[in-house]
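Geometric and topological summary
What follows is the residue order along each chain.
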Amino acid sequence: MPIWNKRCETMGRAEMEQLQLERLQTTVNRAYRNVRFYHRKFAELGVEPEDIKSLDDIRSLPCTTKEDLRDAYPYEMFSVPLREIVRIHSSSGTTGRVTVVGYTKNDLRTWSELVARVISAAGVTKHDVVQITFGYGLFTGGFGLHYGAERVGASVIPVSAGNTERQIQIMQDFRTTALVGTPSYALHIAEVMEEMGVDRESVRLRVGLFGGEPSSERMRREIEQRLGILATDNYGLSEVMGPGVSGECEHKCGLHVNEDHFLVEVVDPETLDPVPAGAQGELMVTTLTKEGMPLLRYRTRDLTSLTAERCVCGRMNTRMRKVSGRTDDMLIVRGVNVFPSEIEAILFETEGVEPHYQIIVEREGALDQLTILVEVSREIATDRMSRLVELENKIKARMHSVIGITPKLKLVEPKTLERGHGKATRVVDKRSL
Amino acid sequence: MLRLTSVVACYGGITALRGVSLHVDDGEIVTLIGANGAGKTTLLDTVSGLITPRSGTIHFLGGMINGVAPEKLVKAGMSHVPQGRQLFPDMTVYENLVLGAYQQSRRSKRLHLQGDLERVYATFPVLRERTTQMAGTLSGGEQQMLAIGRALMSRPRLLLLDEPSMGLAPLLVKEIFKVITSLHKQGTTVLLVEQNAKAALAIAQRGYVLETGGIVLEGTAHELMRNPAVQRAYLGKGYRSLIES
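Residues numbered from 1 in each chain as written. Chains lettered and ligands numbered in written order. Predicted model: local features only at pLDDT ≥ 70, side-chain atom pairs only at ≥ 80, totals over all residues.

Quick word on the interface of chain A and chain B
Between chain A and chain B, the residue contacts involve 19 residues of the former and 21 residues of the latter. Where the side of chain A that touches chain B is concerned, the elements lending two or more residues are helix H2 (13–34) and helix H5 (105–121) of chain A. At eight residues, the largest contribution of residues to the side of chain A that touches chain B is made by H2(A). Here the residues of the side of chain A that touches chain B are counted per class, giving five nonpolar, six polar and eight charged. (Contact = placed C-beta atoms within 7 Å. Helix = DSSP H or I, 4+ residues; strand = E, 2+ residues; numbered from the N terminus. Nonpolar A, V, L, I, M, F, W, Y, C, P; charged D, E, K, R; others polar.)

Remarks on the environment of Arg87(A)
Residues and elements named next belong to chain A. Counting through the fold element by element, arginine 87 comes out in strand S1 (residues 87–90). Residue classification places arginine 87 among the partly exposed positions, given that 15 C-beta atoms sit within 10 Å. The spacing of arginine 87 and tyrosine 298 is 211 residues in sequence and 21 Å in space, taken between C-alpha atoms. Those residues in contact with arginine 87 that sit more than four places away from it in its chain are Tyr103 and Leu108. (Buried ≥ 20, exposed ≤ 12 C-beta atoms within 10 Å, placed from the backbone.)

Some words on helix H7 (residues 170–185) of chain B
Residue and element names in this part refer to chain B. When the terminal C-alpha atoms of H7 are compared, their 23 Å separation across 16 residues agrees well with the 22 Å that a helix rising 1.5 Å per residue should span. The set of residues buried in H7 consists of Val173, Ile180 and Leu183. Considered in projection along H7, the buried side chains sweep an arc of 85 degrees and stay on one side of the axis. Among the exposed residues of H7, those pointing more than 90 degrees away from its buried face are Leu171, Lys178, Ser182 and Lys185. Summarising the contacts, the buried residues of H7 are in contact with strand S7 (158–162), strand S8 (189–194) and helix H8 (197–203). Remark: glycine 187 follows H7 within two positions and exhibits a positive phi of approximately 110 degrees. (Expected span 1.5 Å × (residues − 1). Arc of directions from axis to C-beta.)

Structural notes on the sheet that holds strand S18 (residues 353–364) of chain A
Residue and element names in this part refer to chain A. The strand order across the open sheet built from four strands is S20-S19-S18-S21, with neighbouring strands paired in mixed fashion. Edge positions in the open sheet fall to strand S20 (408–412) and strand S21 (427–429), since each of these has one partner strand only. Neighbouring strand axes in the sheet, compared pairwise and without regard to direction, differ in orientation by 15 degrees on average. In terms of strand pairing, S18 meets S21 through three bridges, oriented parallel. In the sheet register, isoleucine 360 faces S21, and the bridge partner there is valine 428. Helix-sheet contacts for helix H12 (residues 385–403) involve strand S19 (367–376) and S20, and the interaxial angle to S20 is about 140 degrees. (Pairing = 2+ DSSP bridges. Axes fitted to C-alpha atoms, helices over the stretch in contact; angles between N-to-C directions.)

Below you can see the structure in the form of structure tokens.
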């Protein structure tokens, strides 16, 4: 597949690190001089911009959290006057108050360029028809992918989110070849297509670019099989820009990070110390070229790991593993740390289970109760009772050995759980803490 | 070709560079723009060995050159055209040019001097006409050409230019920049320090903006030219809106 920016994506290590250091120092200088929050943070920590002499010195810099951004609502984190900001987005606000991001003209150009790289890595070219099912609006997903796809020269259909039957109609009529959206919505589309009895031959879809929520390999395989496409994963978050931070090539062996624009670290979420190479931890992102709103060491809460191994595609940049979960998704149930991603992995590797589930945490008296609702395949749902019981016991035993507690399990009929049109609601915490 | 990593340097007891990193690739024109006192001249002086950095490293053609004497750097292929030309006013144009080949061996001079002179005269025909004239009697533009010509006598791979447009009439600035472009086309890599950001960004591929000893912006010349902060501070655009706010 073509490499969009050969020079930047295949740059040697020494050259890349020099560029990163130059840009890190530049960003630090601007953040320190123009953003009151950082000026104060530096003073509190007794750090000066000139203390950053190497990339490793980034560890002496303050972290930035979602909370910090909320406190800066709406414009306090901007490092340029508002008249130089030409676009404003805000985080999807799945949890709590929203955060605001501003882009300068240069930022928007950079954004399109980086998304163009991600899109090209997935194999999308000017010959493709790209259907975008991300919401347009304050959320960065729609616009981010939109301008990147246009930059590549593809024909972009900005359908936006929702109205699945119409999406499918457009997909057939407009001969869509590339689908952009969340993985859970892609699965939903697949389901509705099966329900509507859409002939696979009438759909030209060949590749999908999915992001916006953590997902598993099993989910990917499911999408690939049911839609008959190559499903690639891409990553970004509105706070640091939006989509375009990293994306998979056709080899699907981790997401190539656009390191000339983002410095990534993986740390232990508790101690903030760097984890050993290749180990899982929380991803922290420092913007290297953002003008409107530079962020230093932004805590993404996303769990991943990094590898510097060469990819066969020829790109030389660091890759991050598909994000498997979030540190703030972590549930503490009866004192045990439970990651929904672990539960998902168990469900998805079990035969006879559909990729739709919901985790409910409640408090019964003084005791936390973990309940998992999961859809089973039509075949099993209509089979003998004993098979259901067998399946239930099997999952429970797996759960006990992997996560350490035995949840209540409810096997439900296919298509009974609510489907999200954007990000899926997988976890419902009913405890009032 | 040239790589600075976190260079700290002092000038007259004041820390003029506070951890500057930048690089110039083979075949590029890179410009460093900034206001008076930002540290631009200190940076060039540090690169060419006139000032030894307090900390940080400077690499030239793959080797570290911290503390390497200026004449050795000239031999290695670096030439510095200092601010204010720094000619010898009571020597002739010819003598000033020959001084540019000062570090070459007698043998090399015998072999190359004439050719080098011819190249400089070809680049700056006016210097040929003034060969026997005292440098101090030349016009400002001619002096700048002589200063560049002298630097070219050592056949540099990297040319450091410190404010070549200073004190020159717009027409002469244009001519000097034309010469820089043609030298670049002939294969010379250029690090150009300028206050005339507009002219510098017009011929450079990339640029850095230096402010009180630290780099605050970097990017392609194109990006910098479109950057509102650069336009306001260095290109003289939009000053009205600054006053309004």
